[in-house]
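Each chain is listed here by its residues.
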Amino acid sequence: MDYVLWIADEYAFDVIYSSFSYLGLPNLARDDMLRQSCSLLCISGFGAYAIYMIFSTISFYLFFDKNLMKHPRFLKNQIQQEIKMATDSIPTMALLTVPVFLLEVRGYSQLYENVEEHGWPYLFLSVFAFLFATDFGIYWIHRGLHHRGIYAYIHKSHHKWIVPTPYASIAFHPVDGWALSLPYHICVFLFPMNKSLYLALFIFVQVWSILIHDGKYLTKDPVINSAAHHTVHHLYLNSNYGQYFTLWDRLGGSYRKPTEEIYNIESRSPTKNGLSGAAEHEASTLKSKPALLKSP
Ligand SMILES: [Zn+2]
Ligand SMILES: [Zn+2]
(Lines give C-alpha, C1' and ligand atoms only; values in the text may rest on other atoms or scores of the structure.)
(Ligands and ions follow the chains in the order given, each with its own letter.)
Protein backbone atom coordinates (compact mmCIF):
# COMPACT_ATOMS: atom_id res chain seq x y z
CA MET A 1 0.00 0.00 0.00
CA ASP A 2 2.96 2.37 0.47
CA TYR A 3 3.57 2.26 -3.33
CA VAL A 4 0.00 3.37 -3.93
CA LEU A 5 0.22 5.99 -1.18
CA TRP A 6 3.46 7.35 -2.67
CA ILE A 7 1.89 7.70 -6.13
CA ALA A 8 -1.22 9.34 -4.65
CA ASP A 9 0.97 11.75 -2.62
CA GLU A 10 3.11 12.59 -5.62
CA TYR A 11 0.28 13.26 -8.06
CA ALA A 12 -2.66 14.42 -5.91
CA PHE A 13 -2.44 14.58 -2.13
CA ASP A 14 0.61 16.90 -1.90
CA VAL A 15 -1.34 19.56 -3.80
CA ILE A 16 -4.56 18.91 -1.89
CA TYR A 17 -2.98 19.00 1.60
CA SER A 18 -0.88 22.09 0.79
CA SER A 19 -4.04 23.89 -0.31
CA PHE A 20 -5.40 23.41 3.23
CA SER A 21 -2.88 26.05 4.40
CA TYR A 22 -5.01 28.67 2.59
CA LEU A 23 -7.78 27.77 5.04
CA GLY A 24 -5.44 28.28 8.00
CA LEU A 25 -4.95 24.52 8.50
CA PRO A 26 -1.46 23.01 8.93
CA ASN A 27 0.21 21.54 5.82
CA LEU A 28 0.74 18.00 7.12
CA ALA A 29 3.93 16.16 6.12
CA ARG A 30 3.71 12.91 4.12
CA ASP A 31 4.66 10.81 7.17
CA ASP A 32 2.14 12.48 9.50
CA MET A 33 -0.13 9.75 10.90
CA LEU A 34 -3.32 11.80 10.57
CA ARG A 35 -2.53 12.61 6.92
CA GLN A 36 -1.65 8.97 6.21
CA SER A 37 -4.91 7.79 7.82
CA CYS A 38 -7.04 10.22 5.78
CA SER A 39 -5.15 9.37 2.57
CA LEU A 40 -5.45 5.61 3.16
CA LEU A 41 -9.18 5.98 3.81
CA CYS A 42 -9.63 7.75 0.46
CA ILE A 43 -7.40 5.30 -1.44
CA SER A 44 -8.97 2.15 0.03
CA GLY A 45 -12.53 3.47 -0.36
CA PHE A 46 -12.21 4.72 -3.94
CA GLY A 47 -9.86 1.86 -4.89
CA ALA A 48 -12.28 -0.79 -3.64
CA TYR A 49 -15.19 0.90 -5.39
CA ALA A 50 -13.28 1.22 -8.69
CA ILE A 51 -12.11 -2.43 -8.67
CA TYR A 52 -15.61 -3.59 -7.69
CA MET A 53 -17.44 -1.65 -10.40
CA ILE A 54 -14.92 -2.24 -13.22
CA PHE A 55 -14.40 -5.98 -12.74
CA SER A 56 -18.01 -6.75 -11.75
CA THR A 57 -19.25 -4.97 -14.87
CA ILE A 58 -16.73 -6.81 -17.11
CA SER A 59 -17.71 -10.11 -15.48
CA PHE A 60 -21.42 -9.35 -15.79
CA TYR A 61 -21.29 -8.55 -19.50
CA LEU A 62 -18.72 -11.16 -20.54
CA PHE A 63 -19.35 -14.15 -18.27
CA PHE A 64 -22.55 -13.95 -16.24
CA ASP A 65 -25.24 -16.35 -17.42
CA LYS A 66 -28.17 -13.93 -17.95
CA ASN A 67 -30.63 -16.86 -17.86
CA LEU A 68 -30.06 -16.92 -14.11
CA MET A 69 -31.94 -13.61 -13.92
CA LYS A 70 -35.11 -15.56 -14.81
CA HIS A 71 -34.63 -17.86 -11.81
CA PRO A 72 -37.61 -17.64 -9.40
CA ARG A 73 -35.23 -16.74 -6.58
CA PHE A 74 -33.71 -13.82 -8.50
CA LEU A 75 -35.03 -10.68 -6.80
CA LYS A 76 -36.70 -7.70 -8.41
CA ASN A 77 -34.07 -4.99 -9.07
CA GLN A 78 -31.49 -7.35 -7.56
CA ILE A 79 -28.47 -5.84 -9.34
CA GLN A 80 -29.38 -2.34 -8.14
CA GLN A 81 -29.84 -3.74 -4.62
CA GLU A 82 -26.46 -5.53 -4.75
CA ILE A 83 -24.67 -2.37 -5.95
CA LYS A 84 -26.41 -0.26 -3.28
CA MET A 85 -25.44 -2.65 -0.47
CA ALA A 86 -21.80 -2.75 -1.65
CA THR A 87 -21.65 1.02 -2.13
CA ASP A 88 -23.13 1.65 1.33
CA SER A 89 -20.66 -0.78 2.96
CA ILE A 90 -17.42 0.30 1.26
CA PRO A 91 -16.80 3.49 3.34
CA THR A 92 -17.15 1.60 6.67
CA MET A 93 -15.08 -1.34 5.39
CA ALA A 94 -12.38 1.13 4.29
CA LEU A 95 -12.48 2.91 7.68
CA LEU A 96 -12.11 -0.41 9.56
CA THR A 97 -9.17 -1.37 7.33
CA VAL A 98 -7.22 1.89 7.76
CA PRO A 99 -5.40 0.76 10.98
CA VAL A 100 -3.96 -2.28 9.18
CA PHE A 101 -2.86 -0.23 6.15
CA LEU A 102 -1.35 2.31 8.56
CA LEU A 103 0.74 -0.41 10.25
CA GLU A 104 1.83 -1.53 6.76
CA VAL A 105 2.97 1.89 5.50
CA ARG A 106 4.68 2.67 8.83
CA GLY A 107 6.86 -0.41 8.41
CA TYR A 108 5.43 -2.90 10.91
CA SER A 109 4.63 -5.61 8.35
CA GLN A 110 7.00 -8.11 6.72
CA LEU A 111 6.55 -6.62 3.25
CA TYR A 112 9.83 -6.28 1.37
CA GLU A 113 10.83 -4.42 -1.75
CA ASN A 114 13.53 -6.29 -3.70
CA VAL A 115 13.00 -9.87 -4.86
CA GLU A 116 16.70 -10.54 -4.13
CA GLU A 117 16.06 -10.12 -0.40
CA HIS A 118 14.46 -13.59 -0.25
CA GLY A 119 15.09 -14.89 -3.79
CA TRP A 120 12.85 -16.09 -6.62
CA PRO A 121 12.01 -19.56 -5.20
CA TYR A 122 10.68 -17.90 -2.05
CA LEU A 123 8.66 -15.45 -4.18
CA PHE A 124 6.82 -18.34 -5.89
CA LEU A 125 6.45 -20.19 -2.61
CA SER A 126 4.93 -17.10 -0.99
CA VAL A 127 2.11 -17.08 -3.59
CA PHE A 128 1.04 -20.56 -2.47
CA ALA A 129 1.56 -19.66 1.19
CA PHE A 130 -0.67 -16.60 0.72
CA LEU A 131 -3.44 -18.57 -1.03
CA PHE A 132 -3.21 -21.49 1.42
CA ALA A 133 -3.19 -19.30 4.56
CA THR A 134 -5.90 -16.87 3.43
CA ASP A 135 -8.14 -19.74 2.27
CA PHE A 136 -7.77 -21.29 5.74
CA GLY A 137 -8.58 -17.97 7.45
CA ILE A 138 -11.55 -17.20 5.22
CA TYR A 139 -12.94 -20.73 5.64
CA TRP A 140 -13.09 -20.46 9.43
CA ILE A 141 -14.24 -16.83 9.54
CA HIS A 142 -16.96 -17.57 6.96
CA ARG A 143 -18.01 -20.68 8.85
CA GLY A 144 -18.06 -18.64 12.08
CA LEU A 145 -20.25 -16.02 10.40
CA HIS A 146 -22.79 -18.79 9.79
CA HIS A 147 -23.01 -19.53 13.52
CA ARG A 148 -26.62 -19.05 14.62
CA GLY A 149 -25.59 -16.44 17.20
CA ILE A 150 -23.93 -14.21 14.57
CA TYR A 151 -25.52 -15.04 11.21
CA ALA A 152 -28.68 -12.95 11.45
CA TYR A 153 -26.80 -9.82 12.55
CA ILE A 154 -23.90 -9.78 10.08
CA HIS A 155 -23.77 -12.39 7.31
CA LYS A 156 -27.46 -12.80 6.45
CA SER A 157 -27.34 -9.65 4.27
CA HIS A 158 -25.00 -11.40 1.79
CA HIS A 159 -27.35 -14.40 1.61
CA LYS A 160 -30.19 -12.21 0.50
CA TRP A 161 -28.74 -13.09 -2.93
CA ILE A 162 -29.79 -16.73 -3.45
CA VAL A 163 -28.89 -16.47 -7.15
CA PRO A 164 -26.02 -13.95 -6.97
CA THR A 165 -24.54 -11.84 -9.76
CA PRO A 166 -20.93 -10.56 -9.91
CA TYR A 167 -22.19 -7.39 -8.16
CA ALA A 168 -22.89 -9.51 -5.03
CA SER A 169 -19.12 -10.04 -4.56
CA ILE A 170 -18.84 -7.35 -1.87
CA ALA A 171 -22.56 -6.79 -1.24
CA PHE A 172 -22.08 -7.45 2.47
CA HIS A 173 -22.74 -5.93 5.85
CA PRO A 174 -19.55 -3.81 6.34
CA VAL A 175 -18.34 -5.84 9.34
CA ASP A 176 -18.85 -9.03 7.29
CA GLY A 177 -16.76 -7.72 4.38
CA TRP A 178 -14.07 -6.46 6.74
CA ALA A 179 -13.93 -9.73 8.72
CA LEU A 180 -13.56 -11.79 5.52
CA SER A 181 -10.72 -9.53 4.33
CA LEU A 182 -8.74 -9.86 7.57
CA PRO A 183 -6.73 -12.95 6.47
CA TYR A 184 -5.29 -10.96 3.53
CA HIS A 185 -4.10 -8.21 5.85
CA ILE A 186 -2.81 -10.52 8.60
CA CYS A 187 -0.69 -12.53 6.11
CA VAL A 188 1.89 -9.75 5.64
CA PHE A 189 2.53 -9.67 9.38
CA LEU A 190 3.08 -13.45 9.52
CA PHE A 191 5.62 -14.05 6.73
CA PRO A 192 7.64 -11.93 4.26
CA MET A 193 5.89 -10.92 1.03
CA ASN A 194 7.16 -8.88 -1.88
CA LYS A 195 5.29 -5.55 -2.06
CA SER A 196 4.49 -5.69 -5.79
CA LEU A 197 3.39 -9.32 -5.57
CA TYR A 198 1.18 -8.55 -2.57
CA LEU A 199 -0.48 -5.67 -4.42
CA ALA A 200 -1.14 -7.94 -7.43
CA LEU A 201 -2.53 -10.70 -5.18
CA PHE A 202 -4.67 -8.18 -3.33
CA ILE A 203 -6.34 -7.19 -6.62
CA PHE A 204 -6.53 -10.86 -7.67
CA VAL A 205 -8.49 -11.84 -4.53
CA GLN A 206 -11.04 -9.12 -5.21
CA VAL A 207 -11.40 -10.32 -8.80
CA TRP A 208 -11.71 -13.93 -7.57
CA SER A 209 -14.56 -12.89 -5.25
CA ILE A 210 -16.33 -11.52 -8.32
CA LEU A 211 -15.62 -14.65 -10.39
CA ILE A 212 -17.15 -17.04 -7.84
CA HIS A 213 -20.38 -15.03 -8.11
CA ASP A 214 -20.52 -14.85 -11.93
CA GLY A 215 -22.55 -18.00 -12.58
CA LYS A 216 -20.02 -19.12 -15.20
CA TYR A 217 -19.00 -22.63 -14.24
CA LEU A 218 -15.75 -22.87 -16.17
CA THR A 219 -14.17 -25.74 -14.29
CA LYS A 220 -15.22 -28.96 -12.62
CA ASP A 221 -11.83 -29.29 -11.00
CA PRO A 222 -12.38 -30.98 -7.61
CA VAL A 223 -9.62 -28.88 -6.00
CA ILE A 224 -10.83 -25.41 -7.05
CA ASN A 225 -13.69 -23.71 -5.20
CA SER A 226 -15.41 -22.46 -8.35
CA ALA A 227 -18.51 -20.38 -9.02
CA ALA A 228 -20.50 -23.66 -9.02
CA HIS A 229 -19.33 -24.40 -5.46
CA HIS A 230 -20.19 -20.89 -4.30
CA THR A 231 -23.59 -21.16 -6.01
CA VAL A 232 -24.19 -24.26 -3.90
CA HIS A 233 -23.21 -22.21 -0.83
CA HIS A 234 -25.76 -19.50 -1.72
CA LEU A 235 -28.44 -22.15 -2.34
CA TYR A 236 -27.94 -24.35 0.72
CA LEU A 237 -25.98 -22.08 3.15
CA ASN A 238 -24.37 -24.85 5.19
CA SER A 239 -21.60 -25.96 2.84
CA ASN A 240 -18.66 -24.74 0.72
CA TYR A 241 -17.36 -21.92 2.93
CA GLY A 242 -13.94 -21.84 1.19
CA GLN A 243 -12.64 -19.20 -1.19
CA TYR A 244 -10.13 -20.72 -3.66
CA PHE A 245 -9.87 -24.40 -2.82
CA THR A 246 -12.18 -27.14 -1.59
CA LEU A 247 -9.50 -28.42 0.83
CA TRP A 248 -10.76 -26.90 4.09
CA ASP A 249 -14.38 -27.78 3.31
CA ARG A 250 -13.34 -31.39 2.72
CA LEU A 251 -11.30 -31.47 5.96
CA GLY A 252 -14.01 -29.59 7.89
CA GLY A 253 -16.81 -31.89 6.67
CA SER A 254 -18.70 -29.08 4.90
CA TYR A 255 -17.90 -29.98 1.27
CA ARG A 256 -20.89 -30.33 -1.05
CA LYS A 257 -20.19 -31.27 -4.66
CA PRO A 258 -22.24 -29.33 -7.23
CA THR A 259 -24.61 -31.66 -9.07
CA GLU A 260 -24.39 -32.27 -12.83
CA GLU A 261 -27.64 -30.31 -13.18
CA ILE A 262 -26.02 -27.25 -11.64
CA TYR A 263 -23.11 -27.49 -14.09
CA ASN A 264 -25.41 -27.99 -17.09
CA ILE A 265 -26.29 -24.61 -18.55
CA GLU A 266 -29.27 -26.11 -20.45
CA SER A 267 -30.86 -27.60 -17.35
CA ARG A 268 -30.35 -24.31 -15.50
CA SER A 269 -32.30 -22.36 -18.11
CA PRO A 270 -35.97 -21.61 -17.45
CA THR A 271 -38.43 -23.05 -19.99
CA LYS A 272 -41.64 -21.51 -21.36
CA ASN A 273 -43.59 -23.43 -18.75
CA GLY A 274 -41.51 -22.29 -15.88
CA LEU A 275 -38.31 -23.94 -14.84
CA SER A 276 -36.49 -27.03 -15.88
CA GLY A 277 -33.64 -29.12 -14.65
CA ALA A 278 -31.48 -27.77 -11.91
CA ALA A 279 -33.39 -24.51 -11.52
CA GLU A 280 -36.56 -26.48 -10.77
CA HIS A 281 -34.61 -28.84 -8.58
CA GLU A 282 -33.05 -25.95 -6.67
CA ALA A 283 -36.36 -24.15 -6.24
CA SER A 284 -38.13 -27.32 -5.07
CA THR A 285 -35.27 -28.14 -2.73
CA LEU A 286 -35.51 -24.70 -1.22
CA LYS A 287 -39.27 -25.06 -0.88
CA SER A 288 -39.05 -28.50 0.65
CA LYS A 289 -36.20 -27.57 2.98
CA PRO A 290 -37.13 -24.14 4.36
CA ALA A 291 -34.64 -24.66 7.20
CA LEU A 292 -31.89 -24.17 4.65
CA LEU A 293 -32.96 -20.57 4.28
CA LYS A 294 -32.67 -19.96 7.98
CA SER A 295 -29.54 -19.49 9.99
CA PRO A 296 -27.82 -22.86 10.22
ZN1 LIG B 1 -22.02 -17.51 3.61
ZN1 LIG C 1 -21.21 -15.09 -1.92
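The residue numbers shown here count from 1 along each chain, following its written sequence. Chains and ligands are labelled by the order in which they are written, letters from A for the one and numbers from 1 for the other. Local features in a predicted model are, by the rule used here, given only for residues with pLDDT of at least 70; side-chain atom pairs are given and counted only at 80 or more, and totals for whole chains, interfaces and linings are based on all residues.

The name given to the protein in an unreviewed UniProt entry is Fatty acid hydroxylase domain-containing protein, with Basidiobolus meristosporus CBS 931.73 as the source organism. Per UniProt, the protein carries the Subcellular location (unreviewed entry) text "Membrane". UniProt positions are given in the numbering used here, feature names are shortened, and annotations may be inferred rather than shown by experiment.

## Looking at the overall build of the protein
Along the protein, the regular secondary structure elements total eleven helices and two strands. Around each residue's C-beta, the other C-beta atoms within 10 Å are counted; 20 or more make the residue buried, 12 or fewer make it exposed, and counts in between make it partly exposed. All C-beta atoms are placed from the backbone. Within the protein, the proportion of its 296 residues that are buried is 34%. The contacts of the protein with a sequence gap of at least 6 include a subset with a gap of at least 24, amounting to 67%. By the criteria applied, helices consist of DSSP H or I runs no shorter than four residues and strands consist of E runs no shorter than two, each listed in order from the N terminus. The contact criterion used here is simple: two residues whose C-beta atoms, placed from the backbone, lie within 7 Å are in contact.

## Description of helix α4 (residues 120–145)
Taking 1.5 Å per residue, 26 residues should reach 38 Å; α4 reaches 37 Å between its end C-alpha atoms and fits that length. Buried within α4 are the following residues: Ser-126, Phe-130, Thr-134, Gly-137, Ile-138, Tyr-139, His-142 and Leu-145. Residues of α4 that are buried make contact with α5 (174–190), β2 (193–194), α6 (195–211) and α8 (247–252). Here a helix's expected span is defined as the number of its residues, less one, multiplied by 1.5 Å.

## Side note on the packing of helix α1 (residues 2–19) against helix α2 (residues 33–62)
Whenever a helix is involved, its axis is fitted only over the stretch in contact; in every case the axis is a line through C-alpha atoms, and angles between N-to-C directions fall within 0 to 180 degrees. Between α1 and α2, the shortest axis-to-axis distance is 11 Å and the interhelical angle comes to 110°. By the angle between their axes, α1 is roughly perpendicular relative to α2. For the element pair α1 and α2, the recorded crossing hand is right-handed. Contacts from Val-4, Leu-5, Ala-8, Phe-13 and Tyr-17 of α1 reach α2 at Arg-35, Ser-39, Leu-40 and Ile-43. By residue class, the composition of the contact of α1 with α2 is seven nonpolar, one polar and one charged. Note on terminology: angles under 35 degrees are roughly parallel, angles over 145 are roughly antiparallel, angles of 65 to 115 are roughly perpendicular, and the others are oblique. By the definition used in this description, the sense in which the near helix is turned from the far one sets the handedness, with an anticlockwise turn below a right angle giving left-handed and a clockwise turn giving right-handed. In this classification, the charged set is Asp, Glu, Lys and Arg, the nonpolar set is Ala, Val, Leu, Ile, Met, Phe, Trp, Tyr, Cys and Pro, and all remaining amino acids, among them Gly, are polar.

## Remarks on the packing of α2 against helix α3 (residues 78–105)
At their nearest, the axes of α2 and α3 sit 8 Å apart, and the two run at 130° to each other. Relative to α3, α2 is oriented oblique. Once α2 is placed against α3, the crossing between them reads as right-handed. Contacts between α2 and α3 involve Gln-36, Ser-37, Leu-40, Leu-41, Ser-44, Gly-45, Ala-48, Tyr-49 and Tyr-52 from the former and Ala-86, Ile-90, Pro-91, Met-93, Ala-94, Leu-95, Thr-97, Val-98, Phe-101, Leu-102 and Val-105 from the latter. In terms of residue class, the contact of α2 with α3 is made up of 15 nonpolar, five polar and no charged.

## Observations concerning the nonpolar core
General note: in soluble globular proteins, nonpolar side chains tend to be found buried as a group. Each nonpolar core reported here comprises buried Ala, Val, Leu, Ile, Met, Phe, Trp, Tyr and Cys residues connected via C-beta atoms within 7 Å. The biggest cluster of nonpolar side chains holds 32 residues, and the ones touching the most others in it are Ala-86 and Ala-171. Among the secondary structure elements, those contributing two or more residues to this core are α2, α3, α4, α5 and α7 (227–236). At five residues, α3 tops the list of elements feeding residues into this core. Not counting residues up to four positions away in its chain, the partners in contact with Ala-86 are Tyr-52, Tyr-167, Ile-170 and Ala-171. Ranked by size, the runner-up nonpolar core spans eight residues in total, among them Leu-111, Phe-130, Tyr-184 and Met-193.

## Some points on α2
Between its first and last C-alpha, α2 extends 42 Å over 30 residues, near the 44 Å set by a 1.5 Å rise per residue. In this structure, the buried residues of α2 make contact with α1, α3 and α6.

## With respect to the UniProt feature "transmembrane region" (unreviewed entry) in the protein
Mapped onto the present numbering, the UniProt feature "transmembrane region" (unreviewed entry) falls at residues 43–64, 122–141, 161–184 and 196–212. End C-alpha to end C-alpha, residues 43–64 measures 29 Å, and it is 91% helix and 0% strand. Across residues 161–184 one finds 46% helix and 0% strand; the C-alpha atoms that close the span lie 24 Å apart.

## Observations concerning the environment of Asn-194
Within the secondary structure, Asn-194 is located in strand β2. The exposure class assigned to Asn-194 is buried, which follows from the 20 C-beta atoms found within 10 Å. Note: C-alpha distance between Asn-194 and Val-115 (79 residues apart in sequence) is 6.6 Å. Setting aside its immediate chain neighbours within four residues, Asn-194 contacts Tyr-112, Val-115 and Leu-123.

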